[in-house]
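As a plain string of letters, each chain reads:
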Amino acid sequence: MTSNPQDTSSTNQFAPRTSIEQVEESNQLAPKFDDQGLIACITTDAASGDVLMLGYMNAAALKLTIATGEAHYWSRSRQVLWHKGATSGLTQQVEEMRIDDDQDAVWIKVRVAGNGASCHVGYRSCFYRNIAVAQQSATSDSLTFNESDKVFDPEHVYPGMPNPTQL
């Protein structure tokens, strides 16, 4: 399913942003999408709290996530609305959804179906490497892996599909 990231058409419109007090202190959902029509979404494992991924939602993806209870995103690399797990079977069932103080970022806590992986590379989390900082950087200038094994083989899960990573 393709969609314009700035498409906000639907019967379920978000509240207009009318004041700082309304945005920060009311019970109205009035998300602020960026100039590309997107809002950042941090996704964590509901049980462990581990960060699984950072994705982006357009208005349609946000509405579908709310309506279905399963995570939907806007794929910036493929320029399509993306139901996470539709191809792999590794859907993300939303346990809790939050929005930050100025309503320009979303945080969802999910249960992942199947083997629990969320990364297209085959790891459980998209954050499978560490960067050396401060004292550590004096001894290492390379990334270190914090996940030793892939949960699945991307060639088997996504046969014939192009890699979404852009150079």
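What counts, and where the lines are drawn
Residues numbered from 1 in each chain as written. Predicted model: local features only at pLDDT ≥ 70, side-chain atom pairs only at ≥ 80, totals over all residues. Heavy atoms only, no water. Phe/Tyr/Trp six-rings, centres within 6.5 Å; stacked < 30°, edge-to-face > 60°. Helix = DSSP H or I, 4+ residues; strand = E, 2+ residues; numbered from the N terminus. Buried < 20%, exposed > 50% of the residue type's maximum accessible area, 1.4 Å probe, protein only. Lys NZ or Arg CZ within 6 Å of the ring centre and 35° of its normal. Contact = heavy atoms within 4.5 Å.

## Here's the deal with the packing of aromatic side chains
So, point 1. Scanning all chains against the criterion turns up six aromatic pairs.
So, point 2. Between tyrosine 123 and phenylalanine 145, the aromatic rings sit 6.2 Å apart at their centres with planes inclined by 45 degrees, giving tilted as the arrangement. On the criterion of sequence distance, the pair formed by tyrosine 123 in the loop between β6 (105-112) and β7 (129-130) and phenylalanine 145 in strand β8 (residues 144-145) is long-range, its members being 22 residues apart.
So, point 3. Since its relative accessible area comes to 9%, tyrosine 123 is described here as buried.
So, point 4. With a centroid separation of 6.1 Å and an interplanar angle of 70 degrees, the aromatic rings of phenylalanine 152 and tyrosine 158 are classed as edge-to-face. There is no split in this pair, since phenylalanine 152 and tyrosine 158 are both buried.
So, point 5. A network of ring pairs unites the aromatic residues Tyr123, Tyr128 and Phe145 as a single cluster.
So, point 6. Sitting over the ring of tryptophan 82, arginine 78 keeps its end group 5.3 Å from the ring centre.

## Overview of the environment of valine 110
So, point 1. Mapped onto the elements, valine 110 comes out in strand β6.
So, point 2. On the basis of relative accessible area, valine 110 is assigned to the buried category, the value being 0%.
So, point 3. Once the C-alpha coordinates of valine 110 and leucine 52 are considered, the two residues, 58 residues apart in sequence, prove to be 9.2 Å apart.
So, point 4. Beyond its immediate chain neighbours, meaning those up to four positions away, valine 110 contacts Thr43, Thr44, Asp45, Ala46, Leu52, Gln92, Gln93, Val94 and Glu95.

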